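# Topology and contacts: notes
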Amino acid sequence: MSLPLNIDLQQILLHMLNLVLLFGGLYLILYKPVKKFMDDRAKKYEEADAAAGEKLAKAEALLKEAGDKLANAEAEIAEKAERSRIAAEEKAESIIEDAKKAKKKMLDDAEDAAQREKNTMINDARKEIAELAVEAAKKVLSEKAGEKTDA
Amino acid sequence: MTKKRRIIFISVWLLCAAALLIASLFAGGAQKNESIKETMRDAVLHGDNRISFFGIKDVNPAVISAFTVTGILLLVALLIRVFALPKFKTIPGKFQTAIEAAVGFFDNLAKGNSPHKNRFLGAYVFTAGTYICLGTLFELLGLQAVTTSGASISLPAPLADINGAIAMGVTSYLIILSGGIFGNGFKGFLSALKEFSLPISMSFRLFGALLSGLLVNELVYYYVGLSIALPVVVGVLFTAIHAIIQTYVLTMLTAVFYGEVSEKTEKPKKIRKDRRKEK
């Protein structure tokens, strides 16, 4: 059967055979190895990207942790400072209280000593006055006795 | 080179060119055996100028061109595989970039048009694209072959022959059909069969596009007066541009139809159930 435009089934099949040969050859020799190389490289980059992402996430976590620790440390420092301030205030109050007590004791002691001295002095004065009175009475009596004798 | 020598060289060069131009115009070329009508008819039908295919059968010159192109391509691929590929680096050089760009272009074309099934398609469109592009540009080499009648002819592009174009169209259609069968089973097969006009349209699109360029070239070459400088422009316009455009068109069509027939369709029952649930 003669086909128009010089179409020849045998030649079509030859062309198809040629295409199949080219397809197989190019696929095995060039396309597959080049694509494998490109895919491997892409995979390598993806892995590197994933590893970098993981490292970044870890670093961010560490940074967050450090930030939290810093914040905690600051709070702890503030708490400790507050505690120290309160303790210092308490200690100062106790020192002041002790000082006040000591002052009061010293004043009381001084007052007692002064009172005791005052009492001693009064007693001494009384004794001296009494002695003087006795002396004076003795003198008066002796003078009166002398006068009676003279007389 | 001194100024004097340069002037002498340019003068001699221009004189030679002028002498050859005059000689070619007035020498009266070889006696033409066939008229322009016969030449152009032979360019379309390849009825007269035939070449022996290893002594088995007389075939159109395009068959020889096809096997020559395949041989050259496989040889170049082998050279790249043996000498260039082992030296490929993570950061590519210019040559490696060109190879990767070619493979990547067709691979992305396949992935873009057939996202679910594209491994085989990528390899096919790469082969088809390389074959169409370089096979068309092959015509520019002007490799000579001897016909059965003893005349010398310039080997044409493999796809400028209707048989070559039909082979390419039918092979592409078979690839699409296989995509339908492997991707969608019997439904895919039927879906691909629906596009029964595809091999014809693909074949004749290729044939028509490449033949138009070939005919214009034949016309230009037939007349000696037109064969100075003009063939360069015509050759570039009708060969190089056709090579790129037809490569893109055929590979794109193959990828689009392959993606269409191999795409898995959702079962309508599920949609109905979903709709009932929505209600």
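One structure accompanies this document, and this report is about it. None of the values given here were measured: they were computed from a predicted structure.

## What about unusual backbone geometry?
Note on backbone geometry: most residues besides glycine have negative phi, and most peptide bonds are trans. Residue Phe54(B) is not a glycine yet carries a positive backbone phi of 50°. Inspection of the secondary structure assignment puts Phe54(B) in the loop between strand 1 (51-53) and strand 2 (57-59).

## Observations concerning the side chain of Thr127(B)
With respect to the element layout, Thr127(B) can be found in helix 5 (residues 119-137). Those residues within four positions of Thr127(B) in sequence are excluded, and the remaining contacts are Leu22(A), Phe23(A) and Leu26(A).

## Points about the environment of Ala110(B)
All names here are of chain B. Mapped onto the elements of the fold, Ala110 is located in helix 4 (residues 94-113). For Ala110, a relative accessible area of 0% gives the class buried. As for Ala110 and Ile7, which are separated by 103 residues in sequence, their C-alpha atoms are 57 Å apart. When residues no more than four places from it in sequence are discounted, the contact partners of Ala110 are Pro115, Asn118, Leu121 and Gly122.

## A few points about the packing of aromatic side chains
For any pair of aromatic rings, geometry is given as the distance between the ring centres together with the angle between the planes. Evaluated as defined, the whole model comprises 11 aromatic pairs over all chains. Geometrically, the ring pair formed by Phe23(A) and Phe120(B) is edge-to-face, given 5.4 Å between the ring centres and 70° between the ring planes. Residue Phe23(A) is located in helix 1 (residues 9-150), and its partner Phe120(B) is located in helix 5; the two belong to separate chains. Taking 6.5 Å as the distance between ring centres and 35° as the angle between the ring planes, the aromatic pair formed by Phe105(B) and Tyr248(B) counts as tilted. Placement of the pair is Phe105(B) in helix 4 and Tyr248(B) in helix 8 (residues 230-262), with a sequence separation of 143 residues.

## Quick look at the interface of chain B and chain A
Taken together, the 54 residues of chain B in the interface contact 30 residues of chain A. Taken together, both faces of the contact between chain B and chain A bury some 3,800 Å²; the carbon and sulfur share is 74%. Joining chain B to chain A, the criterion identifies three salt bridges. One salt bridge connects Lys35(A) with Asp107(B), and the closest N-O pair in it is separated by 3.8 Å. Connecting chain B to chain A are 10 residue pairs in polar contact (both at pLDDT 80 or more). Among the elements of the structure, helix 2 (36-45), strand 2, helix 3 (61-84), helix 4, helix 5 and helix 6 (162-194) of chain B are those that each provide at least two residues to the side of chain B that touches chain A.

## Some thoughts on a negative patch on the surface
A contiguous patch of negative charge on the surface is contributed by Glu90(A), Glu93(A), Glu97(A) and Asp98(A). Mapped onto the elements, Glu93(A) comes out in helix 1.

## A look at the packing of helix 5 of chain B against helix 6 of chain B
Residue and element names in this part refer to chain B. Where helix 5 contacts helix 6, the two axes come as close as 11 Å, and the packing angle between them is 170°. The angle between helix 5 and helix 6 falls in the class roughly antiparallel. Along its contact with helix 5, which presents Phe120, Tyr124, Ala128, Tyr131 and Ile132, the element helix 6 presents Met168, Thr171, Ser172, Ile175 and Ser178. Across the contact of helix 5 with helix 6, the residue classes break down as seven nonpolar, three polar and no charged.

## A closer look at the pattern of salt bridges
In total, this model carries 12 salt bridges over all chains according to the counting rule given. Between Lys36(A) and Asp40(A) there is a salt bridge, with its nearest N and O atoms 3.2 Å apart. One end of the pair, Lys36(A), and the other, Asp40(A), are both in helix 1, four residues apart, so they sit about a helical turn from each other. Judged by relative accessible area, Lys36(A) falls into the exposed class, the value being 52%. Look at Asp40(A) and you get partly exposed, because its relative accessible area is 39%. For the salt bridge of Arg85(A) with Glu89(A), the shortest nitrogen-to-oxygen distance reads 2.6 Å. Taken together, the residues span about one helical turn, with Arg85(A) and Glu89(A) both in helix 1 at a distance of four residues. A relative accessible area of 40% means that Arg85(A) is categorised as partly exposed. Through salt bridges with shared partners, a single network forms among Lys35(A), Asp39(A), Asp107(B) and Lys111(B).

## A look at the nonpolar core
Counting 70 residues, the largest nonpolar core has Val34(A), Phe126(B), Tyr131(B), Leu159(B), Met168(B), Ile176(B) and Leu206(B) as its most contacted members. Tallying contributions element by element places helix 1 of chain A first for this core, with 12 residues. Once residues within four sequence positions are removed from consideration, Ile176(B) is found in contact with Leu198(B), Met202(B), Thr254(B), Phe257(B), Tyr258(B) and Val261(B).

Conventions we followed
- Residues numbered from 1 in each chain as written.
- Chains lettered and ligands numbered in written order.
- Predicted model: local features only at pLDDT ≥ 70, side-chain atom pairs only at ≥ 80, totals over all residues.
- Heavy atoms only, no water.
- Helix = DSSP H or I, 4+ residues; strand = E, 2+ residues; numbered from the N terminus.
- Contact = heavy atoms within 4.5 Å.
- Buried < 20%, exposed > 50% of the residue type's maximum accessible area, 1.4 Å probe, protein only.
- Phe/Tyr/Trp six-rings, centres within 6.5 Å; stacked < 30°, edge-to-face > 60°.
- Buried area = accessible area lost by both parts, 1.4 Å probe.
- Salt bridge = Lys/Arg side-chain N within 4 Å of Asp/Glu carboxyl O.
- Polar contact = N/O pair within 3.5 Å; in protein donor to acceptor, adjacent residues only side chain to side chain.
- Patch = residues over 30% accessible without salt bridge, like charges linked within 9 Å, V, L, I, M, F, W, Y side chains within 5 Å.
- Areas by Shrake-Rupley, 256 points an atom, 1.4 Å probe, with all protein chains shown as cover.
- Lys, Arg positive; Asp, Glu negative; His and termini not counted.
- Charge placed at Lys NZ, Arg CZ, Asp CG, Glu CD.
- Axes fitted to C-alpha atoms, helices over the stretch in contact; angles between N-to-C directions.
- Parallel < 35°, antiparallel > 145°, perpendicular 65-115°, else oblique.
- Nonpolar A, V, L, I, M, F, W, Y, C, P; charged D, E, K, R; others polar.
- Core = buried A, V, L, I, M, F, W, Y, C linked by side-chain atoms within 4.5 Å.

By themselves, these figures tell us nothing about what the structure is for.
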